[in-house]
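# Coordinates in review
Each chain, written out:
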Amino acid sequence: MQKRILSINAIALPILSGIFMLASWYAGVYSSVIKSENLSNLISQSLTCQTKSVKNSDEFVAFITDQGMASKLLSALCSNQTLNRQYGKVTVQWSHNEQEIIQYVGKGIADLALVKENVMLAFAAETTYRYQTVAQYKDYSTYLISLKEKPKLTKQYLWGKRLGLLDYPSSRSGHIVPKGLLNELGISEANMDIVYVNSHEALRDLLATGSVDIISSFWKDIDDQRFSANYITPIKTKVSGSKWYLKMETQNTDLICEIQKTLLQLSSKTQSDYYSQLQLIPNHCQLPLNAKIPVPDEK
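Residues numbered from 1 in each chain as written. Predicted model: local features only at pLDDT ≥ 70, side-chain atom pairs only at ≥ 80, totals over all residues. Heavy atoms only, no water.

Even without being glycine, Ala124 reaches a positive phi, approximately 50 degrees. Topologically, Ala124 is positioned in the loop between helix H5 (117-123) and helix H6 (125-128). Positive phi, normally seen in glycine, also occurs at Arg130, with a value near 60 degrees. Looking at the element boundaries, Arg130 is found in the loop between H6 and strand S5 (131-137). (Helix = DSSP H or I, 4+ residues; strand = E, 2+ residues; numbered from the N terminus.)

Below, the structure written as structure tokens:
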């Protein structure tokens with residue numbers, strides 16, 4: 001009987017953990033009234049192309065949260081010979097809407113997805129739909145950024161401040177981490193003037209125009225042109241970067257290798273400091289000499 005109880009617990013605990021994470025996800029989505037400067041991100045958009053295999057009814061679906069990457073990704077995927085052999089159509093869908101993320105990733109519709117690791121964990125999608133990590137971006141730090149002074153991580157300083165955040169709860173640096181800070185300090189959102197926007201660039205525009213006192217985001221080299229590095233304060237270091245997940249229902253080695261090559265090509269052409277730091281996950285592919293391989297963290 002004791003062994004049976006232990007066996008049940010071994011099964012039940014991961015399930016309960018997943019339910020808790022999913023409940024936290026929904027709580028983050030619906031816990032506050034959003035004052036958004038731009039709600040265009042609530043409408044998902046997509047681009048589609050027909051491959052050379054016109055009689056093939058299979059569709060390859062990619063889901064990302066970055067609109068600027070969509071057309072480049074579609075062009076790269078549609079020109080790939082492996083995808084042209086295996087699929088008749090390619091679609092790239094982009095959105096920050098949590099309902100769209102649930103639909104495409106939580107229900108396993110997307111064949112390729114660029115999302116945060118916490119999204120996959122919340123829906124146990126890696127196990128349920130056999131998503132496999134094929135590439136990832138470097139960890140980064142989350143900062144409070146101000147225009148005229150160095151922010152302090154204290155209740156006295158933050159109380160009543162105008163704070164700029166992102167309006168999608170899946171963002172670590174623009175939503176989850178700063179909300180966690182407020183909770184740790186015992187600051188109710190009712191005591192903050194929070195303005196929500198739909199991109200990190202929009203956050204910077206809010207700060208530059210004086211529409212908010214502080215924002216929560218990552219720091220990039222180009223920010224020195226608009227703000228001072230003396231006026232940033234780290235909230236959390238080693239925030240995990242977004243990851244590329246590929247649904248591997250079969251041992252489709254050709255596909256995973258070509259997807260990695262495509263992502264590496266895109267990263268080499270991007271002007272973004274963040275997206276240029278792509279790290280490929282080792283598998284059975286022959287990786288290019290310039291490919292960056294993530295080094296496991298030391299325990």
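This brings us to the confidence of the model for the chain. Residues of the chain with pLDDT of at least 70 account for 80%, and the chain-wide mean is 82. Mean pLDDT per element in the chain: helix H1 (residues 2-30) is the minimum at 43, and strand S9 (residues 214-217) is the maximum at 97. Long-range and interchain partners of residues 1-43, a stretch whose pLDDT sits below 50, account for 48 contacts in this model, where long-range means more than four residues apart. (pLDDT = per-residue confidence, 0-100. Contact = heavy atoms within 4.5 Å.)

Let us look at the sheet that holds strand S7 (residues 162-166). In any sheet, the strands associate via hydrogen bonds between backbone groups, in a parallel or an antiparallel arrangement. If you walk across this open sheet you meet the 5 strands as S8-S7-S9-S6-S10, and the pairing is mixed. Strands with a single pairing partner mark the edges of an open sheet, and in this sheet they are strand S8 (193-197) and strand S10 (232-239). Looking at each pair of strands side by side, their axes are set apart by 20 degrees on average, direction ignored. Seen against the sheet, helix H8 (residues 172-184) touches strand S6 (140-146), S7, S8, S9 and S10 and runs at an angle of roughly 110 degrees to S10. (Pairing = 2+ DSSP bridges. Axes fitted to C-alpha atoms, helices over the stretch in contact; angles between N-to-C directions.)

Our focus in this paragraph is the pairing of S7. By the criterion of burial, S7 is predominantly enclosed, with 4 of the 5 residues buried. Pairing between S7 and S8: 5 bridges, direction parallel. Across the sheet, the residue bridging to Leu165 is Tyr196, located in S8. At this point the chain moves from S7, through H8, to the parallel S8, and the crossover so formed is right-handed. Pairing of S7 with S9, which is carried by 2 bridges, proceeds in the parallel orientation. Within the sheet, the bridge partner assigned to Leu163 lies in S9 and is Ile214. (Buried < 20%, exposed > 50% of the residue type's maximum accessible area, 1.4 Å probe, protein only. Right-handed = clockwise from strand over helix to strand, strands pointing away.)

This part is about the state of the cysteines. Enumeration over the complete set of coordinates arrives at 1 disulfide. Bridging Cys49 to Cys78, the disulfide has an S-S length of 1.5 Å. Handedness here is read from the sign of the S-S torsion; for Cys49 and Cys78, about -75 degrees, the answer is left-handed. Here Cys49, found in strand S1 (residues 45-50), pairs with Cys78, found in helix H2 (residues 67-78); they are 29 residues apart in sequence, far enough to count as distant. By relative accessible area, which is 16% here, Cys49 ends up buried. Residue Cys78 is classed as buried on the basis of its relative accessible area of 17%. (Disulfide = S-S within 2.5 Å.)

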